[in-house]
Amino acid sequence: MGDPKKSRRKWESPGHPWIKSRLEREMELVGTYGLRNKRELWIAETMLRRVKHLARSLLALPEEEREKRLNQLVARLYSMGILPASNATITDILSLSTEAVLERRLQTIVWKKGLAKTIHQARQLIVHGHIAVRGRRVTSPGYLVSREDEKYIDFYPTSPYAKAGATKATQTG
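Residues numbered from 1 in each chain as written. Predicted model: local features only at pLDDT ≥ 70, side-chain atom pairs only at ≥ 80, totals over all residues. Heavy atoms only, no water.

A. Looking closely at the pattern of salt bridges. According to the stated counting rule, one finds 13 salt bridges in the structure shown. A salt bridge links Lys112 to Glu103, with the shortest nitrogen-to-oxygen separation between them at 2.9 Å. One salt bridge in this structure joins Arg134 and Glu148, with 3.3 Å as the shortest N-O distance. Taken together, the residues span a long stretch of sequence, with Arg134 in the loop between strand 1 (131-133) and strand 2 (136-137) and Glu148 in the loop between strand 2 and strand 3 (153-155) at a distance of 14 residues. Three or more residues joined by partner-sharing salt bridges are found here, namely Glu12, Arg49 and Arg50. (Salt bridge = Lys/Arg side-chain N within 4 Å of Asp/Glu carboxyl O. Helix = DSSP H or I, 4+ residues; strand = E, 2+ residues; numbered from the N terminus.)

In structure tokens:
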């Protein structure tokens, strides 16, 4: 089984280290999504690679088994927020991009909701413990936010930003 204290690696590095087009694309994504390093990007790519592999393996199954498992996979990806529609097909899953996973990171959602002015400030707010999901403090910027948890993202109650936001709301309202 393995030692429970030694976690398994969540990412696979690229097969060839010096492909210029891939390096440029990686640097663009790291800058756009405010990632700390390329390992965070590789985690998203590896997760997506495993999902696509699972979708391709469904093609070898008999029709009724394929439909059942496809519906389970689509439901899981839709609830995670990676798929835009709940009636997706295998083609939709295979056409997903890394950006679909990066858009579901807590860091990106905090920035898009307007809780932070920049993507980098969003990362800092999360790491410093100012952001909560469903009232629980989350300090991992790479936390994948599900579709139902997205509306419960806010400042942690004891955060000074929460108090500043509350006073600002009462002054304008």
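Once you've had a look at it, read on.
B. Structural view of the nonpolar core. Membership of the largest hydrophobic core comes to 23 residues, with the highest contact counts inside it found for Leu77, Leu83, Ile93, Leu96 and Leu102. The greatest single-element share of this core, amounting to six residues, is contributed by helix 2 (residues 38-58). Non-local contacts of Leu102, meaning those with residues more than four positions away in its chain, are made with Leu29, Tyr33, Leu35, Leu41, Ala44 and Thr108. Among the nonpolar cores identified, the runner-up in size contains 14 residues, and Ile109, Leu115, Ala122 and Ile131 belong to it. (Core = buried A, V, L, I, M, F, W, Y, C linked by side-chain atoms within 4.5 Å. Buried < 20%, exposed > 50% of the residue type's maximum accessible area, 1.4 Å probe, protein only. Contact = heavy atoms within 4.5 Å.)

C. Local environment of the sheet that holds strand 3. Taken together, the three strands give an open sheet; going across it, the order is 2-1-3, and neighbouring strands pair in antiparallel fashion. One side of each edge strand has no neighbouring strand; the edge strands of this open sheet are strand 2 and strand 3. (Pairing = 2+ DSSP bridges.)

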